[in-house]
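Survey of secondary and tertiary structure
Residue strings, one per chain:
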Amino acid sequence: MGRRLLRGVSGAAVVLASVALLSMRHRGAREAAQYPGIGEGMLEKPEQQSHGSPEGAGGRGQTDLRLHPPEGYRSEGSLTLGDIFIAVKTTKRFHRSRMELLLDTWISQASKQTYIFTDEEDDALERRMGGHVIFTNCSAEHSHLALSCKMAAEFDAFLASGLSWFCHLDDDNYLNPGALLKLLSSYAETRDVYLGKPSLNRPIWASETLPNNQTKSVRFWFATGGAGFCISRKLARKMVPWASGRNFLSTSELIRLPDDCTVGYIIECKVGGQLIPNALFHSHLENLQLIPTSQLMQQVTLSYGVFENKLNVIELSGPFSPQEDPSRFRSLHCHLYPNTSWCLQAVGW
């Protein structure tokens, strides 16, 4: 498997040139002017979300999860959806049960900005997304090395794109592109920005491997990949020595933790940055029914999962029943985009 992981790091190289070309075209234009497997692969127990922001390695003070950027991070320029590189991590066994749902819903509103990173080729998926499907050659296992292999491919594809923001999502996330654009527009892309939601209410401790079989304890905050997170280009460029290509796998091995933990470790322990926690990101690790229905349309990401044989989903009425739409993503999509053809065809809508 190790050989395949190493091959996987370079498996996305054949598409990097096309990604960069798409970015060049975008910048030039600017200058001129139902579901099986719904609970598979998910953690079983939703964890209590953090109500305080990270202290970080430097002992930062506690504040609430932010909905607005702190002073010094605010943007003064204009941002478009075309400035954002959206990466979705998936695996072959979820192409039908999860990816088709995303393709029918939010990806249809952001297909030019979205790239799917998977482990095996799929003609049906490629027909729908074309060159925006990147076959990484990474292992399909849910190990920290396999996940890090895909994250390395995502990171390198973003760097090659030349775009301003990198946003990572899992295949059980619903992204509201408008809410994402509004959020990122409030931050300056020229600053070191790492946005997301921690799944713990405290920093994580890890043992970092040192030469001569030595270790040291490190403490850092990280944004859970299950809720999605975003990184500015300026910060991403500083991460290159630890995050680009095979370096990401090597860094992941230092702490032997999953890819989202490794991202936080690189940013807080190697680069000296910090997580800016944001309450608009959501994963299946939290009780999604606690999100007020009146605020669902303002959230950046939402998710779904299974806990004690019960669905952990948002509370939302129609147009589809929970049996027709167990994730509630289709119903949410119809509230956001009511003119979608299959929304108009829904009974009673």
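Residues numbered from 1 in each chain as written. Predicted model: local features only at pLDDT ≥ 70, side-chain atom pairs only at ≥ 80, totals over all residues. Heavy atoms only, no water.

1. Some points on the sheet that holds strand β9 (residues 229-232)
The strands making up a sheet associate through backbone hydrogen bonding, with each pair oriented either parallel or antiparallel. Heads up, the condition is: A pair of strands is considered paired only if DSSP assigns at least 2 bridges between the two. Under the DSSP-based scheme used, a helix requires at least four consecutive residues in state H or I and a strand at least two consecutive residues in state E, with every element numbered from the N terminus. The contact criterion used is simple: two residues touch if any of their non-hydrogen atoms lie within 4.5 Å. Whenever a helix is involved, its axis is fitted only over the stretch in contact; in every case the axis is a line through C-alpha atoms, and angles between N-to-C directions fall within 0 to 180 degrees.
Taken in spatial order, the seven strands make up an open sheet running β3-β2-β1-β4-β9-β6-β10, and their pairing is mixed. One side of each edge strand has no neighbouring strand; the edge strands of this open sheet are β3 (133-135) and β10 (276-277). Taken together, the three bridges between strand β6 (residues 194-196) and β9 define a ladder with antiparallel strand orientation. Along β9, the bridge assignment pairs Y194 with I231. Taken strand by strand, helix α3 (residues 95-104) contacts β1 (84-89), β2 (114-118) and β4 (165-170), and its axis lies near 175° from that of β2.

2. Let's talk about the packing of helix α8 (residues 246-255) against helix α9 (residues 259-271)
Applied cut-off: Comment on the angle field: the value is read as roughly parallel under 35 degrees, roughly antiparallel over 145, roughly perpendicular from 65 to 115, and oblique elsewhere. Gly is put with the polar residues, along with every residue not named as nonpolar or charged; the nonpolar set is Ala, Val, Leu, Ile, Met, Phe, Trp, Tyr, Cys and Pro, and the charged set is Asp, Glu, Lys and Arg.
Where α8 meets α9, the axes come as close as 10 Å, and the angle between the chain directions of the two elements is 95°. On the basis of their axis angle, the class for α8 and α9 is roughly perpendicular. From α8, F248, T251, S252, L254 and I255 reach across to α9, where they touch D259, C261, T262, V263, Y265 and I266. Looking at the contact of α8 with α9, its residues break down into seven nonpolar, three polar and one charged.

3. Remarks on the state of the cysteines
We count it as follows: Whenever a pair of cysteine sulfur atoms sits within 2.5 Å, that pair is classed as a disulfide.
Applying the stated criterion across every chain yields a total of three disulfides. The disulfide partner of C167 is C230, and the S-S distance across this bridge is 2.1 Å. When the S-S torsion is 110°, as for the bridge of C167 with C230, the disulfide is right-handed. Separated by 63 residues along the polypeptide, C167 in strand β4 and C230 in strand β9 bring together distant segments of the chain.

4. Things to note about the confidence of the model for the protein chain
We count it as follows: pLDDT: the predictor's confidence for each residue, scored from 0 to 100.
The pLDDT averaged across the protein chain works out to 82; a share of 77% of its residues lies at or above 70. Note that residues 1-7 has pLDDT below 50 and, in this model, 17 contacts with residues that lie over four places away or in other chains. Considering only residues more than four positions removed or in separate chains, one finds that residues 12-63, a stretch of pLDDT under 50, has 120 contacts.

5. Thoughts on the nonpolar core
Just so we agree on the cut-off: Here, nonpolar core means buried Ala, Val, Leu, Ile, Met, Phe, Trp, Tyr and Cys residues that are tied together by side-chain atoms lying within 4.5 Å of each other. For every residue, the accessible area obtained with a 1.4 Å probe (protein chains only) is divided by the maximum for its type, and the residue is called buried under 20%, exposed over 50%, and partly exposed between those limits.
Core analysis: the largest hydrophobic core is formed by 46 residues, its most contacted members being I84, I86, W106, L180, L184 and V300. Elements that contribute at least two residues to this core include exactly β1, α3, α4 (123-129), β3, β4, β5 (174-175), α6 (177-185) and α10 (329-336). Here V300 is in contact with Y174, L175, N176, A179, L180, L183, L280 and F281, once residues within four sequence places are set aside. Counting 36 residues, the second-largest nonpolar core is a separate cluster that includes F155, Y194, I231 and I267.

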